[in-house]
Structures are given as C-alpha cells and as structure tokens.
Amino acid sequence: MASSSHRYFVLLALFAVSLKFCYCQNETIDVAGSGTAGVTWYGEPVGAGSTGGACGYGFAVANPPLYAMVSAGGPSLFNNGKGCGTCYQIICSGNPACSGRPITVAITDECPDGPCASEPVHFDLSGTAMGALAKPGQADRLRSAGVLRVNYKRAACLYRGTNIAFHMDAGANPYYIAFVVEYEDGDGDLSYVEIQPAGGNFIPMQEMRSAVWKVNSGSALKGPFNIRLTSAESHKVVVAYNVIPANWKASETYRSIVNFK
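Residues numbered from 1 in each chain as written. Predicted model: local features only at pLDDT ≥ 70, side-chain atom pairs only at ≥ 80, totals over all residues. Heavy atoms only, no water.

In the nomenclature of an unreviewed UniProt entry, the protein chain corresponds to Expansin cellulose-binding-like domain from the organism Arabidopsis thaliana x Arabidopsis arenosa. We quote the UniProt Subcellular location (unreviewed entry) comment for the protein chain here in full: "Secreted". The heading Sequence similarities (unreviewed entry) in the UniProt record of the protein chain holds the text "Belongs to the expansin family." (UniProt positions renumbered as here; feature names shortened; annotations may be inferred.)

(A) The arrangement of the state of the cysteines in detail. Considering all chains together, one arrives at four disulfides under this definition. What pairs with Cys55 in a disulfide is Cys84, and their sulfur atoms sit 2.1 Å apart. Note on the Cys55 and Cys84 pair: the S-S dihedral is about -85°, so by sign convention the disulfide is left-handed. One end of the pair, Cys55, is in the loop between β1 (34-42) and β2 (70-73); the other, Cys84, is in the loop between α2 (75-78) and β3 (87-92), and 29 residues separate them in sequence. By the burial criterion, Cys55 is buried, and Cys84 matches it. Residue Cys87 pairs covalently with Cys157 via a disulfide, S to S 2.0 Å. Linking Cys87 and Cys157, the disulfide has an S-S dihedral of approximately 110° and is accordingly described as right-handed. Note that Cys87 is positioned in strand β3 and Cys157 in the loop between β6 (148-155) and β7 (165-168), a separation of 70 residues in sequence. Once the bonded cysteines of the protein chain are numbered in order along the sequence, the disulfide links fall as 1-2, 3-8, 4-5, 6-7. (Disulfide = S-S within 2.5 Å. Helix = DSSP H or I, 4+ residues; strand = E, 2+ residues; numbered from the N terminus. Buried < 20%, exposed > 50% of the residue type's maximum accessible area, 1.4 Å probe, protein only.)

(B) Representation of the packing of aromatic side chains in the model. Under the criterion given, the structure shown has five aromatic pairs. Plain terms: the ring middles of Tyr159 and Tyr183 are 5.8 Å apart, the flat faces sit at 65° to each other, and that makes the pair edge-to-face. Remark: Tyr183 occurs in the loop between β8 (176-182) and β9 (190-196) and Tyr159 occurs in the loop between β6 and β7; sequence separation between them is 24 residues. A residue is classified by how much of its surface remains accessible, and Tyr183, at 6% relative accessible area, is buried. Residues Phe166 and Phe179 carry aromatic rings whose centres are separated by 5.2 Å and whose planes lie at 80° to one another, so their mutual orientation is edge-to-face. Taken together, the positions of Phe166 in strand β7 and Phe179 in strand β8 put the pair 13 residues apart, joining distant regions of the chain. (Phe/Tyr/Trp six-rings, centres within 6.5 Å; stacked < 30°, edge-to-face > 60°.)

(C) Up close: the pattern of salt bridges. Counted under the stated rule, the structure contains seven salt bridges. Put simply, Lys82 and Glu207 hold a salt bridge, and the shortest N to O gap is 3.5 Å. You can see Lys82 sitting in the loop between α2 and β3 and its partner Glu207 sitting in strand β11 (residues 206-207), a full 125 residues away along the chain. Glu207 gets classed as partly exposed once you look at its relative accessible area, which sits at 24%. Here Glu119 ties to Arg149 by a salt bridge, and the two come within 2.5 Å at their closest N and O atoms. (Salt bridge = Lys/Arg side-chain N within 4 Å of Asp/Glu carboxyl O.)

Here is the structure:
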C-alpha cells in the first residue's frame, strides 16, 4: 500500500504536468499577438473571396478602402463573429514564389471547416490577397501551392481618408434598428455600441454573430441618431453625431465624420 507521502508527490507531479499543458496551449494559440498559421484562398483568383460573407460587409469587401485585401478566418480568428473587422499582417517566405513582403488583411468572413478547422490559426484569403503574397509574376504559382505556412501578427487597421460608416440592414425598421459598422481604424473590432434616438438616452445594442449590431424596441425609434462606439482592445470611445438621419432607409449607408485615431 502506498504511503501518504508517496501519494502526495504523485498528485504534485500530475498537477505540475497539467499546468505545463495549459501554458503550452495558451502559447500556441495567440490570435491577439503573433505566431505561425496556415493559409489557403477561395473565390476568384483576383477576387474578394466572397461578396457577402459571414461578417455582413457585402460588396464593401471588393471596394475601397478594403480593395479585396480580406480574409475569411478559421474558428479562432472569426471567434463567433467577434473577430470581424480585425486586421492582421501576414508574411509568406516558405515557398519559392513568396515575396517575403508583408501584407495586411481584414477578417470579413468565416471559414469553419476543412483546413480552417484543422489547426489553431488559419487564414482563407481572397484570391487578391493571396496573389499579393507572391513575387511579381508568381501569383498563380502561389495559389496552386496548397496550404502555405506564414507568420502573422495582429495589426492596427488603417483606412486612410475613410471614416466609420453604418450600412443599414435590409430588414431594418423603426422598431428594429440594425446596421453593419464599417472601417474602424485601430482595433477594428468593437466591444460596445450604443444608439441614441432623438430626444432620448443612449440604448445598448446587441452584437449579432457578425459585424451587425441591432436593437429591438417596443416603440418606434426616431432619428436623427447618435451612435457611440467603444473599441474592443484599447477601449477608446467615439461618438458619431446625427450620423443616421431622421428619414433613413434600409440598405443605405451613412458615413460619419469620425474614426478611432
């Protein structure tokens, strides 16, 4: 029969092993920092991946200021929609066709299956972004290389000359205000969005599994609306005053004069 002191040392050893395992897991999956990841691509060879996508940006992904430099994210990057809008710098150097020059992409879609779900961090780039990793004249060669290994790190989003915009949901109405928040500089993602109707107080909005924020109201909300945004990482706050007019329409985009600096 084992002595009490022997059992104590066995338990202590098991505890130490469990601590080491947890530490290694955290060290490997460092989405907010930097590391290595797998990269594939989807859509057209010089396209934007998807003119739509799980984040709700729609055709904006193909137009300035995104210019199709976007990516679908694996589960850790998409993060149930909380990763929408975040930006990452990617460097490809492990293939002869890689240029070794960094590119920056924004997460605008979800890649839940296949290679995206088989490793801790995976980017499924647009065809345009994949080509941007290549040496001149080598884009097609890189696109046909299969899964690439790259270095990545979280980067600040920077949409020069563009302020935050609000694209109204197609189903929005005075009782259900919903919109996509686009082009946030800095963190790129938001922790809190509030809407203030004319003559009222700020009302917290609910984040959907995307970049869409909504509020269901028991009574019709009237504009113009002020929108207060809090960034997710730096906790900076900006207010877009009167950004959504009183006569707003579903599916329209309304541009502010503010951004996170």
